[in-house]
Amino acid sequence: MAEAADIKGTVPSPARRWLRRTLTVAFGAPLLAGLLQAPVTAPSAAAVPSATTAENATGSKTVDVSLDTLSPSAPVEGDTVTLTGTVTNRGKKAVTDASVELRVGPRMTSRSEIEQVTGRTGYRSDSDPAPAQDAPTAEIPKLGAGLSAEFSLSVPVSDLGLDEAGVYQLGVSLTGQTSDRPYPRVLGIERTFLPYQPEATQKKTQLTYLWPLIAPSHVSAETATDDQQTPVFEDDALAAELRPGGRLDQMVALGKDLPVTWVIDPDLLATVDAMANGYRVKEGSLHVPGPNKELAKRWLGSLEKAVQGHKIVALPFADPDIASLAHHGKDVPGSLGHLQSATDLAGMTVETILHVQPSTDFAWPVDGAVDPAIVSVATSAGADKVIARSDSVRDDLSYTPSAARPLGNGSTTAVVSDALLSTAFEGDMVRTEGSSLAVQEFLSQTLAITLEQPEKQRSVVVAPQRVPTVAQAQTMATALRGLSARRWSQPSDLVAAATAKPDPNASTSVPGSSRYPRKLRDQELPVQAFRDMKTSRDELNDFKVVLTLPERVVTPFDTAINREMSTSWRDRTRAATIYRGNVLDYLQELTKSIQLVDKSDLTLSGRSATIPVTVQNKLLQGVDHLVLRLTSNNKNRLKINGDRVAELPVKVGAGHNQSVKFDATAAVNGQVPVTAQLYTEDGTPYGKPMSFIVKVSEITPTVMLVIAGGVLLLALAGVRMYTQRKRLATQTAEATEAETTGAETSEAETSEAEASEAEAPEEAGKARETEGTGADGPGAEPGQGGAREPEQPSDPTPDTGSESGDPSATGEKVDR
């Protein structure tokens, strides 16, 4: 301090203090060795390391030093810097005579130097500065194995030896000794950074920070049967994020006071809006009322207030995985159409719910990684700006250029976010140590960017992780508040950053596909996922054309198919497969609600009759624009409506059946297979075909029964006549015999025989009349008193009798 006092107002720099301490130790050590006497002999040359690098491997990680807080994070002249933290003995022996010391390094000259220091572990004498002589220390007499102790250090900025504006390495170390090595040495160290810019820079960096509101999909394709089509959720997990203290609650609460650009997935807004208007949740096979309607209303109200005055960028609906689409989906027909529909829906959704006009011309591939295929797909739906990242679009420059630059042929603008700043908060921010270090590094990197070219103003974009945790969001907010003084940066928005003047030296080439990260490629949706989407889309297109209210089905399924392509399915392969399967299964369940009722085989009465086929509609809306086609597999034996194939239009009301009847004519007896198939009006088959057998017979079983009855009556009449004639013959013989006994007796018997002979024909006629009318009384049809032909159980009514030869109207409806 004496030397410092010689020049008023000066403070020795860390480098000078380090040199002074080194000289003092060098000259004073021999003198102390000769004067001091101790019962314990000094360690031998083999025991005492000649260099601290050797000490690095034998004890500099014995104690874990945790730096929990550093305040203020960006000090100015007159401030007092306070550091708090914890030291923990990870070794097996107690540490004694320990002290926590502050080490201030020289000014750092580049961003790469900051990055190198971040990766260091353990004490290194060649790069770690000596303890600051003027700074206080925290003494810890003894620290047992496995135990921890807290510390706090406060030092005025004037005592830190900060010579000029810039970024300084700040270290906190513990020096102590153990019983096996009883001499002072560094047992642990933690490094951080101190950005020092007491005055505002001439040119400030324009800093754009993206604030993402994105969440996984929770809504199924199913809706309730009410007029409002209440949506059905797969689960109610989103409520936990909306509750006070939840992730989405914190994103809104923190973001409202920060200079950020909101990047919103419209699907999240639509989902919460559905909750606010009433929703249902799957619970096994049941759909129970959702209990968090008011919670959703509160969150939406808070968000609407928070975004006022901020720029909003709307991603395509459900945040589609552009890289997966580019690498696996674009060759599957119709896949790019999903991206177009998602883009069209985005702006309308945000404007309807938040009542603000968003920007919809930005595409954001995962982690900002791009290649030619990704850029091509990203811009295919109308977006002309792609948010990339500097570890993908690399600049071989000694400074950080502005984010915006023309990409490829110049028709697309790449907004290249800074990789180091964008990944600064991806680690574990739950522990205060991790959060504090991340904040200091972020602030230091931003200052270093400004000081790279202080005479030029540049625009820098930060695109953090899509779904930050609560702790990560809180740390991000802390870092942005650290820039609130605006001494070297000032806030901007993404739209302004995209229109900033490009740096002529910045790279404008699109990296090749071989440079796309393998880790990201392994997370992408497979080709089969896009094939599943195509299957669902094709079935939906066939289904909607027959509905009288197609929008009730198309809207929920369109959004569900968009959700199948969401970026949120990365690392959730099984969940994504289940979701796609549920969407397709439910769609097929609905399409099968319109079907043909199975028919059993039937017999054609006579040469002509009608064949009924029943169409069933279990839906809650009517169906139209369907055609029923009936095909005879043998035209020569059976014709339908005069030809081998006949078609009739079908229109069935909600929840009803309709019997469609065709004229049939037979030429030859025998069995004829007949196929019934529904088609849409454009000729596309709808549902599965239904087949049955028509048995053609000119003499039907009923006619045969009538003929058999007639033959039987004739036989009975013959027997009757034979009996009467036999009786007559007997009576004649007896009469002849009686003539010999007397004339009066012979005459009487002759009269009786004549009366009997006259009665026989009359009784025979009555017998024939009675047998011909049957058991059901006069006027009954032939065969009604005998066995009846079995009806077809699948038909509403038997229409094949000779009395129903005329076809029924095709518009006839039969209630279920």
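Scope of this entry: the structure provided in the associated data block. Quick caveat, the model's predicted, so the values are computed rather than measured.

1. So, the packing of aromatic side chains
- Across all of its chains, the model carries six aromatic pairs by this definition.
- Where Phe 425 meets Phe 442, the ring centres are 5.3 Å apart and the plane angle is 45°; that geometry is what we call tilted. With a gap of 17 residues between them, Phe 425 in the loop between α12 (419-422) and α13 (432-452) and Phe 442 in helix α13 connect regions that are remote in the sequence.
- A relative accessible area of 0% means that Phe 425 is categorised as buried.
- For Phe 442, a relative accessible area of 1% translates into the label buried.
- Linked through ring pairs, Tyr 209, Trp 211, Phe 425 and Phe 442 together constitute an aromatic cluster.
- Taking NZ or CZ as reference, Lys 385 lies 5.6 Å from the ring centre of Phe 362, over its face.
- Lying over the aromatic face of Tyr 679, Arg 629 brings its terminal NZ or CZ to 3.9 Å of the ring centre.

2. Focus on the sheet that holds strand β29 (residues 685-697)
- Read across the open sheet, the five strands follow the order β22-β29-β28-β24-β26; overall the sheet is mixed. Looking at which strands have only one partner, the edges of the open sheet turn out to be β22 (602-605) and β26 (645-652). The sheet shows a mean angle of 30° between the axes of neighbouring strands, direction not considered.
- Of the pairings in the sheet, the one linking strand β28 (residues 670-680) to β29 comprises nine bridges and is antiparallel in character. When the bridges of β29 are listed, Val 672 appears paired with Val 694.

3. Brief notes about the side chain of Asn 292
- Mapped onto the secondary structure, Asn 292 falls in the loop between β13 (286-289) and α8 (293-306).
- For Asn 292, the side chain forms a polar contact with the side chain of Asp 236, separated by 2.7 Å.
- Apart from the residues lying within four places of it in its own chain, the contact partners of Asn 292 are Asp 236, Ala 239, Arg 243, Met 275 and Tyr 279.

4. A word on the packing of helix α7 (residues 266-276) against α8
- Running from N to C, α7 and α8 cross one another at 135°; their axes reach a closest spacing of 7 Å. Taken together, the axis directions place α7 and α8 in an arrangement best described as oblique. By crossing handedness, the relation of α7 to α8 is classed as left-handed. Residue-level inspection shows Leu 268, Leu 269, Val 272, Asp 273, Met 275 and Ala 276 of α7 in contact with α8, the latter providing Lys 293, Ala 296, Lys 297, Trp 299, Leu 300 and Leu 303.
- Considering only residue class, the contact of α7 with α8 consists of nine nonpolar, no polar and three charged.

5. With respect to the pairing of strand β8 (residues 205-213)
- Where burial is concerned, most of β8 is hidden: nine out of the nine residues are buried.
- Neither face of β8 is left uncovered, since the one carrying Thr 205, Leu 207, Tyr 209, Trp 211 and Leu 213 and the one carrying Gln 206, Thr 208, Leu 210 and Pro 212 both have all their residues buried.
- In the sheet, β8 pairs with strand β20 (residues 489-492) via four bridges, with the strands oriented parallel. If you follow Thr 205 over to β20, its bridge partner there is Ser 489.
- For β8 and strand β19 (residues 459-462), the ladder comprises four bridges, and the chain directions are parallel.

6. Describing the environment of Leu 207
- With respect to the helices, strands and loops of the structure, Leu 207 is situated in strand β8.
- For the pair Leu 207 and Val 260, spaced 53 residues apart in sequence, the C-alpha to C-alpha distance is 9.3 Å.
- Excluding anything up to four places from it in sequence, Leu 207 contacts Phe 442, Val 460, Val 462, Leu 483, Gln 490, Pro 491 and Ser 492.

7. Re helix α18 (residues 551-563)
- Counted at 1.5 Å a residue, the expected span for α18 with its 13 residues is 18 Å, and the 18 Å between its end C-alpha atoms agrees.
- Turning to α18, the residues buried within the fold contact β9 (219-223), α7, α10 (335-354), α17 (527-544) and α19 (573-591).

8. Details of the sheet that holds strand β10 (residues 231-233)
- Spatially, β9-β10-β12-β13 is the arrangement adopted by the four strands of the open sheet, whose pairing is mixed. Each of the sheet's edge strands pairs with one partner strand only, and the pair in question is β9 and β13. Averaged over all adjacent pairs, the angle separating strand axes in this sheet is 40°, with direction ignored.
- Pairing between β10 and strand β12 (residues 280-283): two bridges, direction parallel. In the strand pairing of β12, Val 232 is matched with Arg 280.

Rules used throughout
- Residues numbered from 1 in each chain as written.
- Predicted model: local features only at pLDDT ≥ 70, side-chain atom pairs only at ≥ 80, totals over all residues.
- Heavy atoms only, no water.
- Phe/Tyr/Trp six-rings, centres within 6.5 Å; stacked < 30°, edge-to-face > 60°.
- Helix = DSSP H or I, 4+ residues; strand = E, 2+ residues; numbered from the N terminus.
- Buried < 20%, exposed > 50% of the residue type's maximum accessible area, 1.4 Å probe, protein only.
- Lys NZ or Arg CZ within 6 Å of the ring centre and 35° of its normal.
- Pairing = 2+ DSSP bridges.
- Axes fitted to C-alpha atoms, helices over the stretch in contact; angles between N-to-C directions.
- Polar contact = N/O pair within 3.5 Å; in protein donor to acceptor, adjacent residues only side chain to side chain.
- Contact = heavy atoms within 4.5 Å.
- Parallel < 35°, antiparallel > 145°, perpendicular 65-115°, else oblique.
- Left-handed = near helix turned anticlockwise from the far one by under 90°.
- Nonpolar A, V, L, I, M, F, W, Y, C, P; charged D, E, K, R; others polar.
- Expected span 1.5 Å × (residues − 1).

Purely geometric numbers; function is a separate question.
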